[in-house]
Protein chains: 2
Amino acid sequence: MSNTKSTRDHIIEAADHLFYQQGYEHTSFADIADAVKISRGNFYYHFKTKDDILNAVINLRVANTQNMLDQWEIEGQSPEERIRHFIQILIKNQSKIMRYGCPVGTLSTELAKMSHSAQTDATRLFTLFRTWLAQQFTSLGHSADADDLAMHLLARSQGVATLANAFRDENYIEQEVTLMNEWLKSYTVNAAPHTQ
Amino acid sequence: MSNTKSTRDHIIEAADHLFYQQGYEHTSFADIADAVKISRGNFYYHFKTKDDILNAVINLRVANTQNMLDQWEIEGQSPEERIRHFIQILIKNQSKIMRYGCPVGTLSTELAKMSHSAQTDATRLFTLFRTWLAQQFTSLGHSADADDLAMHLLARSQGVATLANAFRDENYIEQEVTLMNEWLKSYTVNAAPHTQ
DNA sequence: GACAATTTAGGACAATTGCCCTAATAATAC
DNA sequence: GTATTATTAGGGCAATTGTCCTAAATTGTC
């Protein structure tokens, strides 16, 4: 594992941040080149087209997400605790979410609207969370509707991110996170689940 | 009330559709002019800047939304029935939502990412739904947490729209709508509300 | 029908876009 | 060392962007 990041890595990282903060289309070659402080020619040497950078960024995000999920798998003692890690992202990234929304949701939405071919790849990020969450719910003894519960939780966190971004309300996120945790608790072995 | 729509109205309508389907930034002057079949010069006569059109589109959407809410106020016999109208949009606009997402949420998100000044105006659309829903929950006897319930329901419909758009899953929308209706039922007078 | 105001068309503008080329430099191999 | 490759810089490309101008056409008023 090399300690020094390559120019290519720097480009991908800068693009990752800019795509999140400004959106894919709103970010230009020049923006990324400026951020990395390289010439546009050098930039072109590493990535022929804008789609290539997008692809690299998506792959980076997929890898980072997978690492995060693996980490949660280690840290969380119980499935419930692991799922709580997921819910907790809303708190951890509170200020970013309020400014830029959810990185997964906003990219997916933007690409869908452009009918961009990479939209399918972007959905992989959602799928990562979806299957991981479904696994946890299966471990909780809800194998029959594990995927439904995963999608339900995903949707709620997406909705919270969208509204927090629109209204810029700090308290609101914490409020909904509390509700989500209560909802989760009702799916733990000893509690009777409510209909949601 | 004139029966014939002015060129200006046609422009706003076309822009409304294109902004929804392609996004604000992804839609150019030429796109709108082509859709209305007028010259760019004529276009400029009606709207000096792109922000002007955006403003007009937002105003149109606010007006249309207000009309819709007023209509629901008439049609819905009980507050519960009225709220059900809101939930039902997800079914009514199912195919559009799967292709383009929620018109309110996606515009708000896009403008936030561009740090566009009109983002505040776009949030008015959310506020319209928010206050209307809160009124209904107040009528249901939940005046203390009416706004919280309104935000909760708004968030869930936003989340469903985002995921339906990402995964293009028809059944999923209907599934979540059922859950939302059950949740709503638990807030009706005769039922014991669950914690959500 | 003459006249003024409104509306339209078509083109031009500077700037920016994604993309591409070439030459110079740095790193590596022999 | 020299030769080969990898990397970088800087400029330039055609196309598109939002914006603007001017002249023609249409409309309405008297």
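Small disclaimer: the values here were computed from a predicted structure and weren't measured.

Notes on the overall build of chain A
Okay, step 1: Helix and strand content of chain A: 10 helices and zero strands.
Okay, step 2: Going residue by residue from the N terminus, the α and β elements of chain A occur as α-α-α-α-α-α-α-α-α-α.
Okay, step 3: Its C-alpha atoms put chain A at 60 × 40 × 30 Å along the principal axes.
Okay, step 4: Residues classed as buried in chain A amount to 53% of the 196 residues present.
Okay, step 5: If you take every contact in chain A between residues at least 6 apart in sequence, the share linking residues at least 24 apart comes to 65%.
Okay, step 6: About 9,000 Å² of surface is accessible on chain A, with carbon and sulfur atoms providing 49% of the total.
Okay, step 7: Counting 18 positive and 23 negative side-chain charges, chain A places the averaged centre of each group 5 Å from the other.

Examining the protein's contact with DNA strand D
Okay, step 1: By nearness alone, 14 residues border DNA strand D, and Thr7, Ser39, Gly41 and Tyr45 of chain A together with Lys50 of chain B come closest of all.
Okay, step 2: Take the atoms of DNA strand D that sit within 4 Å of the protein: sugar and phosphate atoms are 68% of them.
Okay, step 3: Contact between DNA strand D and serine 39 of chain A: a phosphate oxygen at 3.1 Å from a main-chain N or O atom of the residue.
Okay, step 4: The contact in question runs from a phosphate oxygen of DNA strand D to an N or O atom on the side chain of tyrosine 44 of chain B, over 3.2 Å.

Concerning the interface of chain B and chain A
Okay, step 1: Tallying the contact residues gives 45 residues for chain B and 45 residues for chain A.
Okay, step 2: Regarding the contact of chain B and chain A, the summed buried area is about 3,800 Å², with carbon and sulfur atoms giving 57% of it.
Okay, step 3: If you look at where chain B meets chain A, you find zero salt bridges.
Okay, step 4: Our count for the chain B to chain A interface comes out at 12 residue pairs in polar contact (both at pLDDT 80 or more).
Okay, step 5: Sorting elements by how many residues they give to the side of chain B that touches chain A places helix α9 (residues 146-167) of chain B first, with 14 residues.
Okay, step 6: Split into classes, the residues belonging to the side of chain B that touches chain A amount to 16 nonpolar, 20 polar and nine charged.

Section: helix α4 (residues 50-75) of chain B
Okay, step 1: Between its terminal C-alpha atoms α4 of chain B stretches 37 Å, which fits the 38 Å expected from 26 residues at 1.5 Å a residue.
Okay, step 2: Listing the buried residues of α4 of chain B in full gives Ile53, Leu54, Ala56, Val57, Ile58, Arg61, Val62, Thr65, Leu69 and Trp72 of chain B.

What about the relation of the copies chain B and chain A?
Okay, step 1: Aligned on chain A, chain B shows an RMSD of 0.0 Å; the corresponding rotation is 180° and the shift along the axis is 0.0 Å. Put plainly, the chains are arranged around a two-fold axis. Taking C-alpha positions as the reference, the residue of chain B nearest the rotation axis is glycine 159 of chain B, at 2.0 Å.
Okay, step 2: When you check the interface residues of chain B against chain A, 100% turn up at the interface there too, and the contact is symmetric in its surfaces.

Considerations on the protein's contact with DNA strand C
Okay, step 1: Taken together, 14 residues lie near DNA strand C, and Lys50 of chain A together with Thr7, Ser39, Gly41 and Tyr45 of chain B sit nearest.
Okay, step 2: Per the 4 Å cut-off to the protein, sugar and phosphate atoms form 68% of the nearby atoms of DNA strand C.
Okay, step 3: At 3.0 Å, a backbone N or O of phenylalanine 29 of chain A approaches a phosphate oxygen of DNA strand C.
Okay, step 4: Tyrosine 45 of chain B places a polar side-chain atom, nitrogen or oxygen, 2.7 Å from a phosphate oxygen of DNA strand C.
Okay, step 5: Per element, the largest residue contribution to the surface near DNA strand C is five residues, and it comes from helix α3 (residues 40-46) of chain B.
Okay, step 6: Across the surface near DNA strand C, the residue classes tally to four nonpolar, eight polar and two charged.

Topic: the side chain of histidine 116 of chain B
All names here are of chain B.
Okay, step 1: Here histidine 116 is to be found in the loop between α7 (103-113) and α8 (119-139).
Okay, step 2: Given the relative accessible area of 13%, histidine 116 is considered buried.
Okay, step 3: A distance of 2.9 Å separates the side chain of histidine 116 from the backbone nitrogen of alanine 118, its partner in a polar contact.
Okay, step 4: Setting aside chain neighbours within four positions, we find histidine 116 in contact with Tyr24, Asp51, Leu54 and Leu111.

Focus on the nonpolar core
Okay, step 1: If you look at the biggest cluster of nonpolar residues, it comprises 128 residues, and the most contacted ones within it are Ile32 and Phe86 of chain A together with Ile32 and Phe86 of chain B.
Okay, step 2: Ignoring sequence-local partners within four residues, the contact set of phenylalanine 86 of chain B consists of Trp72, Phe129, Trp132, Leu133, Leu153, Leu154 and Ser157 of chain B.

Focus on helix α10 (residues 170-185) of chain A
Turn by turn, an α-helix covers 3.6 residues, leaving residues three or four places apart pointing in a common direction.
Okay, step 1: Over its 16 residues, α10 of chain A extends 24 Å from the first C-alpha to the last, a length consistent with the 22 Å expected when each residue adds 1.5 Å.
Okay, step 2: Two to three positions downstream of the cap, the backbone nitrogen of asparagine 171 of chain A sits 3.1 Å from a side-chain oxygen, assigning the N-cap of α10 of chain A to aspartate 169 of chain A.

Considering the pattern of salt bridges
Residue and element names in this part refer to chain A.
Okay, step 1: One pass over the structure, following the stated rule, counts 12 salt bridges over all chains.
Okay, step 2: The closest approach of N and O atoms between glutamate 13 and lysine 5, which form a salt bridge, is 3.0 Å.
Okay, step 3: Residue glutamate 13 is classed as partly exposed on the basis of its relative accessible area of 29%.
Okay, step 4: One salt bridge in this structure joins arginine 124 and aspartate 121, with 3.6 Å as the shortest N-O distance. Here aspartate 121 and arginine 124 lie together in helix α8 (residues 119-139), a separation of three residues that amounts to about one turn.

About the thresholds
- Residues numbered from 1 in each chain as written.
- Chains lettered and ligands numbered in written order.
- Predicted model: local features only at pLDDT ≥ 70, side-chain atom pairs only at ≥ 80, totals over all residues.
- Heavy atoms only, no water.
- Helix = DSSP H or I, 4+ residues; strand = E, 2+ residues; numbered from the N terminus.
- Buried < 20%, exposed > 50% of the residue type's maximum accessible area, 1.4 Å probe, protein only.
- Contact = heavy atoms within 4.5 Å.
- Areas by Shrake-Rupley, 256 points an atom, 1.4 Å probe, with all protein chains shown as cover.
- Lys, Arg positive; Asp, Glu negative; His and termini not counted.
- Charge placed at Lys NZ, Arg CZ, Asp CG, Glu CD.
- Near = heavy atom within 4 Å.
- Polar contact = N/O pair within 3.5 Å; in protein donor to acceptor, adjacent residues only side chain to side chain.
- Buried area = accessible area lost by both parts, 1.4 Å probe.
- Salt bridge = Lys/Arg side-chain N within 4 Å of Asp/Glu carboxyl O.
- Nonpolar A, V, L, I, M, F, W, Y, C, P; charged D, E, K, R; others polar.
- Expected span 1.5 Å × (residues − 1).
- Least-squares fit on C-alpha atoms with pLDDT ≥ 70 in both.
- Core = buried A, V, L, I, M, F, W, Y, C linked by side-chain atoms within 4.5 Å.

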